[in-house]
Amino acid sequence: ICCLQHKHFNKVVKINNKMPNWIYFVLTANLIWSFTSLIDKIVISKGHIKNPLVYILTNGLMNVLLILFLPFVSFKSLNFMDFLIALFSGAAFVAALAFYYKAVEHDEISKVIILFQLGPIFVLALSYIFLGEILTKNNFIGFLLLLTAGLLVSYKRIKNSFKLSKAFSLMLISTFFSAIALVTSKHIFNVTSFWSAFLWLRLVEFIAVGVLLVPSIRKEAVDTYKSMTPKIKILIIFKMVIDFSAFVFSGYAINNGLISLVTALGSSALPLFVFFLAMITSIYFPNIVKEEIDKKTILTKVFAIILIIVGIGLVS
């Protein structure tokens with residue numbers, strides 16, 4: 001028992017010593033994802049890919065290319081139970097993407113991304129159940145602030161009345177599946193080496209290709225790729241490449257930090273990056289993405305972000 005406690009103490013010290021490093025990696029990953037989110041909005045809202053399942057299929061096919069990395073890294077096998085957990089993590093991630101892409105169809109990208117603030121609530125609850133993280137009084141206060149911020153940005157005023165946007169319910173489901181994927185992926189990082197865990201978690205997402213078993217989706221995918229312009233194909237390939245690098249940075253952070261802290265920091269950084277990126281794009285390239293940038297909208301989003309920052313601070 002003493003030996004185990006000593007090993008655990010050394011691991012905690014190691015994580016704390018690397019904390020500045022994983023924080024930088026979280027920020028870098030989410031800065032990249034702010035750009036890919038903008039690309040998602042362009043591809044989906046402009047109708048280049050109408051069915052989110054076709055977009056997910058594209059992600060799944062790109063993961064096959066990861067096989068090329070196997071000769072260059074120390075790739076280790078998983079036992080059967082850990083393989084099932086990895087497979088479950090991949091399925092949860094694919095489900096999270098499906099609901100996220102659907103939400104992008106219905107609302108501004110900055111509002112959709114800021115709803116990721118619901119994610120830490122699910123992650124902290126699941127990490128408490130499965131990873132033994134303790135929820136303190138500050139955690140619960142942080143939860144309330146994060147939930148308030150999520151509700152604030154999801155409301156729209158339409159003809160002097162309020163209604164909850166459809167994106168909120170979609171993102172609620174998306175963030176729940178995303179939380180499952182994050183907590184289970186943390187387990188995989190704990191039981192094997194970094195590159196083995198990273199490649200396993202990416203390769204199992206190949207299950208997204210299973211949608212090809214549905215004839216209607218298979219036909220729609222073929223028709224979509226045929227009608228797609230070369231510029232959009234290049235844009236999607238570019239998105240997949242930088243998306244891969246973001247997953248490497250995020251994986252490093254998950255491997256070396258506490259999952260609740262990694263998620264909290266990422267969920268607070270991403271909407272900040274997306275908000276400013278979308279605002280700049282709306283000013284200089286309104287034909288690409290048009291965001292509401294009137295004074296009231298900006299003040300609402302800034303207030304929501306302040307609540308998020310305070311909530312994340314309490315959660316952390």
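The notes below deal with the structure included here. (Residues numbered from 1 in each chain as written. Predicted model: local features only at pLDDT ≥ 70, side-chain atom pairs only at ≥ 80, totals over all residues. Heavy atoms only, no water.)

**Details of the overall build of the chain**
1) Next: Counting its secondary structure elements, the chain contains 13 helices and two strands.
2) Next: Per-residue burial for the chain yields a buried fraction of 48% across its 316 residues.
3) Next: Of all intrachain contacts in the chain linking residues separated by at least 6 positions in sequence, the fraction that spans at least 24 positions is 84%.
4) Next: Accessible surface computed for the chain: about 16000 Å², of which carbon and sulfur atoms make up 73%. (Helix = DSSP H or I, 4+ residues; strand = E, 2+ residues; numbered from the N terminus. Buried < 20%, exposed > 50% of the residue type's maximum accessible area, 1.4 Å probe, protein only. Contact = heavy atoms within 4.5 Å. Areas by Shrake-Rupley, 256 points an atom, 1.4 Å probe, with all protein chains shown as cover.)

**A short note on the nonpolar core**
Soluble globular proteins tend to bury their nonpolar side chains together.
1) Next: If you look at the biggest cluster of nonpolar residues, it comprises 67 residues, and the most contacted ones within it are Ile49, Tyr55, Tyr100, Tyr101, Val112, Met171 and Ile236.
2) Next: Considering every element that reaches this core, the biggest residue donor is helix H8 (residues 166–191), with 10 residues.
3) Next: Setting aside residues no more than four positions away along its own chain, Ile236 makes contact with Val43, Ile49, Thr58 and Met228.
4) Next: Residues Ala264, Phe275, Ala304 and Ile305 belong to the second largest nonpolar core, which totals 11 residues. (Core = buried A, V, L, I, M, F, W, Y, C linked by side-chain atoms within 4.5 Å.)

**Topic: the packing of helix H6 (residues 119–130) against helix H12 (residues 259–284)**
1) Next: Orientation of H6 relative to H12, taken along the N-to-C sense of each, is 180°, at an axis distance of 9 Å. Classified by the angle their axes make, H6 and H12 are roughly antiparallel. The segment H6 lies against H12, with Pro120, Val123, Leu124 and Ser127 engaging Ile259, Ser260, Thr263, Ala264 and Ser267.
2) Next: Across the contact of H6 with H12, the residue classes tally to five nonpolar, four polar and no charged. (Axes fitted to C-alpha atoms, helices over the stretch in contact; angles between N-to-C directions. Parallel < 35°, antiparallel > 145°, perpendicular 65-115°, else oblique. Nonpolar A, V, L, I, M, F, W, Y, C, P; charged D, E, K, R; others polar.)

**Observations regarding the packing of aromatic side chains**
1) Next: Inspection of every chain in the model, using the stated rule, returns 15 aromatic pairs.
2) Next: On the numbers, 5.6 Å between centres and 85° between planes, the contact of Trp195 with Phe198 is edge-to-face. Placement of the pair is Trp195 and Phe198 together in helix H9 (residues 194–203), with a separation of three residues, close to one helical turn.
3) Next: When its relative accessible area of 33% is taken as the criterion, Trp195 is described as partly exposed.
4) Next: Classification of Phe198 by relative accessible area gives buried; the value is 1%.
5) Next: Taken together, the ring pairs connect Phe189, Phe194, Trp195, Phe198 and Phe244 into an aromatic cluster. (Phe/Tyr/Trp six-rings, centres within 6.5 Å; stacked < 30°, edge-to-face > 60°.)

**Thoughts on the pattern of salt bridges**
1) Next: Taken as a whole and assessed by the stated rule, the structure comprises three salt bridges.
2) Next: A salt bridge links Asp40 to Lys239; its shortest N-O distance comes to 3.4 Å. Of the two residues, Asp40 sits in helix H2 (residues 19–45) while Lys239 sits in helix H11 (residues 230–256), which places them 199 residues apart along the sequence. No difference in accessibility class separates Asp40 from Lys239, as the two residues are buried.
3) Next: Linking Lys239 and Asp243 is a salt bridge whose minimum nitrogen-to-oxygen distance equals 3.9 Å. With Lys239 and Asp243 both in helix H11 and four residues apart, the pair spans about one turn of that helix. (Salt bridge = Lys/Arg side-chain N within 4 Å of Asp/Glu carboxyl O.)

These figures capture arrangement, not role.
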